[in-house]
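Here is what each chain is made of, one letter per residue.
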Amino acid sequence: MNKTIAVIGAGSWGTALAIHLAAKHSVNLWSHNKEHVAEMRALRLNERFLPETPFPDSISLFEDFNETVINADIILIATPSTAFNEMLQKLQKLQLPKLPPVVSATKGLDHSTNGFLSDTFYQTFPNANFTVLSGPSFAKEVAKLYPTAIAIAGKNELELEAVIPYFHHDNMRVYGNLDIKGVQLAGAYKNVIAIATGISDGLGFGANARAALITRGLAEMTRLGIALQGDPETFKGLAGLGDLVLTATDNQSRNRRFGLYLGQGLKTNEAFEEVGQVVEGANIVKNIYELGETMGIDLPIAQQVYKILHKNVLPNTSLRQLLSREQKIE
Ligand SMILES: NC(=O)c1ccc[n+]([C@@H]2O[C@H](COP(=O)([O-])OP(=O)(O)OC[C@H]3O[C@@H](n4cnc5c(N)ncnc54)[C@H](OP(=O)(O)O)[C@@H]3O)[C@@H](O)[C@H]2O)c1
Ligand SMILES: O=P(O)(O)OC[C@H](O)CO
């Protein structure tokens, strides 16, 4: 089956998935940045984000949003969470007679509501097929076609069956998941814990502290996830533990690197500049903090990352506060 897939967003993740999908399908890759589209067309490469992996012939570059999606069999959104709602508004404006299945590869929350991106999607398109792709997957490795396993979550099996075959081939193994809320919460939360482990490593706290932050980070992610109607099993799976371990331990992670810079003494704006790409954990830690406060859920690691980023608390003071909390049962 040679179908057409519209990929919305030509950062590292949209480009990597476009390269994977282009092994079997035609891909329309869209960027909002006209100069970037012209450069990618000329070079047949996304030099800004994935300079090591040239485009196969089956990728076409687009600057016109309408042309990108008008004949697509599925639409993949891979922008930062800050642009997700804007992409939905663009889709809505098109007034397509029938929206094809939409897959979100964005890992975050809706900044204006503290809610799930899926809820924002369903408010705009109540009856459309919407699924979420998540799990341990660095863009650079996917673009190089290294073996990768991910989860795609949706409301029901029919919706999953309509999209999984596009992704499950060659070096990518896809597991279906029916917990769309848990998968999204895990994909967002692991970014905050990766910042915390980066800070800890940047301060030189060592391997014991890193393992403690990952384990207790998983515990608080699960606590909030269950309170938001996620399935406890999700947090032990690819979108939970899998992505948390990947992101918190490997320096390919922008969230972890951002934390490392903070731990090494850089100011927040300097750390953002050094990373130079999206840091979703920094985008959403305030939303997670507020969820914890309004729902009365203890989220000690996220609370400390929030204080470092938004209340000018020093990383060293903050991480030490975590260790000096009152004794409790695991
Ligand atoms: N990279 C990974 O390994 C990976 C893996 C899994 C999931 N994700 C998730 O994928 C999402 C995208 O991340 P990324 O890695 O692709 O980020 P990135 O490499 O930093 O690229 C971000 C892209 O989004 C574009 N963009 C920014 N604002 C936009 C807007 N308002 N409208 C349209 N496009 C806009 C940027 O364009 P300009 O810079 O030209 O403005 C850039 O092309 C995030 O939620 C991330 O957590 C990433
Ligand atoms: O580079 P990060 O920290 O945004 O992580 C990328 C992916 O989410 C890893 O699965």
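Calculation notes
Residues numbered from 1 in each chain as written. Chains lettered and ligands numbered in written order. Predicted model: local features only at pLDDT ≥ 70, side-chain atom pairs only at ≥ 80, totals over all residues. Heavy atoms only, no water. UniProt positions renumbered as here; feature names shortened; annotations may be inferred. Salt bridge = Lys/Arg side-chain N within 4 Å of Asp/Glu carboxyl O. Helix = DSSP H or I, 4+ residues; strand = E, 2+ residues; numbered from the N terminus. Buried < 20%, exposed > 50% of the residue type's maximum accessible area, 1.4 Å probe, protein only. Near = heavy atom within 4 Å. Polar contact = N/O pair within 3.5 Å; in protein donor to acceptor, adjacent residues only side chain to side chain. Areas by Shrake-Rupley, 256 points an atom, 1.4 Å probe, with all protein chains shown as cover. Nonpolar A, V, L, I, M, F, W, Y, C, P; charged D, E, K, R; others polar.

- Labelled according to an unreviewed UniProt entry, the chain appears under the name Glycerol-3-phosphate dehydrogenase [NAD(P)+], originating from Ignatzschineria rhizosphaerae.
- Database annotation for the chain, UniProt heading Subcellular location (unreviewed entry): "Cytoplasm".
- Turning to the chain, the UniProt annotation filed under Pathway (unreviewed entry) states: "Membrane lipid metabolism; glycerophospholipid metabolism."

### What to know about the pattern of salt bridges
Pairing is possible between side chains that carry opposite charge, provided their charged atoms lie close to one another.
1) Next: Evaluated as defined, the whole model comprises eight salt bridges.
2) Next: The salt bridge partner of R256 is D201, with a shortest N-O separation of 2.6 Å. Residue R256 is located in helix 11 (residues 254-263), and its partner D201 is located in helix 8 (residues 180-202); the two are separated by 55 residues in the primary sequence.
3) Next: Judged by its relative accessible area of 14%, D201 is buried.
4) Next: Connected through shared salt-bridge partners, D201, R210 and R256 make up one network.

### Comments concerning the site of ligand 2
1) Next: Close contacts around ligand 2 come from 13 residues, with K190, D243, S253, R254 and N255 the closest.
2) Next: K190 is positioned with one of its side-chain polar atoms (N or O) 2.6 Å from an oxygen atom of ligand 2.
3) Next: Across the complex, the protein chains shield 91% of the 300 Å² of accessible surface that ligand 2 would expose by itself.
4) Next: When its residues are assigned to classes, the shell around ligand 2 shows three nonpolar, six polar and four charged.

### Examining the UniProt feature "domain: Glycerol-3-phosphate dehydrogenase NAD-dependent N-terminal" (unreviewed entry) in the chain
1) Next: Sequence positions flagged by UniProt for "domain: Glycerol-3-phosphate dehydrogenase NAD-dependent N-terminal" (unreviewed entry) are, in local numbering, residues 5-157.
2) Next: Spanning residues 5-157, this segment combines 33% helix with 20% strand, and its end C-alpha atoms are found 21 Å apart.

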